[in-house]
Amino acid sequence: MVVRAAAFEGCQVPLPKPVKIVGCGSCGVDYLASVAVYPKPDQKLRTDALEVQGGGNCANALTAAARLGLKPTIVTKIGGDGLGDGILSELHADGIDTSLVLRATGHPSPFTYIIVDREGGTRTCIHTPGAPMVPEEMTAELIRHALDGAALVYFDGRLTEAALLLARAARAAGVAVLVEGERLRPGLQELLQQADYVVTSTHFPQEWTGEQCIGDAMLELAVRLPRARMIITTRGAEGSVCLLRQEHGSQQDPPFERCLQDVIHELTSQITGMSSSSSSSSSSNGGSTTDHVCVSSNGIAIQPARVGSTSGSMRLQFSSSRNSAAAEAYAQEAARQAAELNADASNTQGYTMIQQATAEGSTHSSPVARVFVASAAGLPAEAVADTTGAGDSFIGSVMYGITTDMSPDKIMLLGAVVAACKCTALGARPGLPTRQQLTPQLLVARQNN
């Protein structure tokens, strides 16, 4: 549904003080070809549109955070070529500090071919990496400059050997660490173990753990990552799920036990019911759009997401149908496929995320956490141009929420809207909203109940 810009009052107030965040990971160029249908083997077809834009998970997420008002610095490595000059120019335009970007003379910058299938609503990525960032390049001086004044450091799971040095330094300095689990990668397990906050793609928990349902997979993730205070799994059009771990040393009464999969199902049903009530109300009011919380740059009104949560923390349990042997087999196959897709078929072991021995057992085998489930934001299906970078935009919102002391429900609501707005344009960045495109209520922290 399209609204006039004059009918919308966005946030006109900047953050009260600058908030520095740091991102370490991928940065490159995206070649986006939009096609009516995905091509069959040996088929020739024409594009509807072709765009050349900056890309890379880390750079995209930092761009989203910058437009929300944060002050990002990026740590990455690109080529000493003309593409690299363009990459830096685009980042500068969004206010991202590139003083810690390394340039590889004589090497090309990373780039990705992306086929955007309008009929199927999919995007297929074929990536060509640049020169790797080696641990020796993550110098003490670079780390010092990166962490100086930083509120949070984000890692997208690339450049893992060098990134691990920065992550350990951040933990030692008391700087919050956010790690993304997008897909299986060598060295990612060690990086995840440094995380205070984890955000994953839809399939990552199940591919790492082999568990068959999202509840068991997220719970196993929490067991393996006892340091993580908050774990969010994004689920595309189905929204997101968050586990907020009870703080260590909490004096709350012993919590009751629930199967996490059952809790997710109940909360999903709850917010689905909220959707039905909202739709009925909107229809009775003649389809009023007064509750939209964002207007895209091309004039599309975006409705708020809905979120449900448990009233407090509970001790989470696995489902009764859990099959450990099947999970192990599934995880091994996922590792094999990940290695093959990454042109690294001889290194399956490097993609296998090994379960740590639970000698700590009773302490970590059954996490105590509060559960949140959010829907996707309201966006007309015909308004979806491209989902490339939707997860990156969500992570940019998470960084904003963490560093401005938002509660998990507020973070999920903001992330859903920012991701929806991103999807209204081709590519990872053109559709990302600024503060002025969002209602003030979305950007203001509110304490947990």
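Residues numbered from 1 in each chain as written. Predicted model: local features only at pLDDT ≥ 70, side-chain atom pairs only at ≥ 80, totals over all residues. Heavy atoms only, no water.

Looking at an unreviewed UniProt entry, one finds the protein chain named Carbohydrate kinase PfkB domain-containing protein and attributed to Tetradesmus obliquus.

### Structural notes on the nonpolar core
Formed by 59 residues in total, the largest nonpolar core has its most connected members in Ile74, Leu178, Met399, Leu414 and Leu438. Sort the elements by how many residues they give to this core and helix α11 (residues 408–422) lands first, with nine residues. Those residues in contact with Leu414 that lie beyond four places of it in its chain are Leu68, Ser397, Tyr400, Met406, Leu438, Leu442 and Leu443. By size, the runner-up hydrophobic cluster in this structure holds 57 residues, among which are Leu184, Trp208, Val263 and Ala339. (Core = buried A, V, L, I, M, F, W, Y, C linked by side-chain atoms within 4.5 Å. Buried < 20%, exposed > 50% of the residue type's maximum accessible area, 1.4 Å probe, protein only. Helix = DSSP H or I, 4+ residues; strand = E, 2+ residues; numbered from the N terminus. Contact = heavy atoms within 4.5 Å.)

### Regarding the packing of aromatic side chains
The way to describe two aromatic rings as a pair is by their centre distance and the angle between their planes. Using the criterion set out here, one finds four aromatic pairs in the structure. Judged by centre distance (5.7 Å) and plane angle (80°), the rings of Phe111 and Tyr113 are edge-to-face. Between the aromatic rings of Phe204 and Trp208, the centroid separation amounts to 5.7 Å while the plane-to-plane angle is 45°, which identifies the pairing as tilted. With Phe204 and Trp208 both in helix α6 (residues 204–209), this residue pair falls four residues apart, about one helical turn. Linked through ring pairs, Tyr31, Phe111 and Tyr113 together constitute an aromatic cluster. Lying over the aromatic face of Trp208, Arg224 brings its terminal NZ or CZ to 5.3 Å of the ring centre. Over the ring of Phe318 we find Arg322, and its NZ or CZ is 3.6 Å from the ring centre. (Phe/Tyr/Trp six-rings, centres within 6.5 Å; stacked < 30°, edge-to-face > 60°. Lys NZ or Arg CZ within 6 Å of the ring centre and 35° of its normal.)

### Details of the state of the cysteines
Applying the stated criterion across every chain yields a total of zero disulfides. Cysteine Cys213 is unpaired, with the sulfur of Cys259 as its nearest cysteine sulfur at 6.9 Å. Of the cysteine sulfurs around Cys421, a residue in no disulfide, the closest is that of Cys294, at 3.7 Å. Looking at Cys421, the relative accessible area reads 0%, which means it is buried. (Disulfide = S-S within 2.5 Å.)

### Let's talk about the pairing of strand β17 (residues 314–317)
Bridge analysis of strand β13 (residues 257–259) against β17 gives three bridges, and the strand direction is parallel. Across the sheet, Arg258 pairs through a bridge with Leu316, a residue of β17. Taken together, the two bridges between β17 and strand β18 (residues 368–374) define a ladder with antiparallel strand orientation. Its bridge partner being in β18, Met314 is matched across the sheet by Ala369. (Pairing = 2+ DSSP bridges.)

### Quick word on the sheet that holds strand β6 (residues 111–117)
Within a sheet, neighbouring strands are paired by backbone hydrogen bonds and run either parallel or antiparallel to one another. Pairing is mixed across the open sheet formed by four strands, whose spatial order is β3-β2-β6-β7. The open sheet has two free edges, formed respectively by β3 (49–55) and β7 (122–128), since each of these has just one partner strand. The mean inter-strand angle of the sheet, taken between neighbouring strand axes irrespective of direction, is 20°. Summarising the sheet, strand β2 (residues 28–35) and β3 pair through seven bridges and their orientation is antiparallel. Looking across to β3, one finds that Asp30 is bridged to Gln53. Sheet contacts for helix α2 (residues 82–93): β2 and β3; angle to β2, the most-contacted strand, approximately 90°. (Axes fitted to C-alpha atoms, helices over the stretch in contact; angles between N-to-C directions.)

### Focus on the side chain of Arg370
Among the secondary structure elements, Arg370 is positioned in strand β18. Within the structure, Arg370 has its side chain in polar contact with the side chain of Ser309 (distance 3.0 Å). (Polar contact = N/O pair within 3.5 Å; in protein donor to acceptor, adjacent residues only side chain to side chain.)

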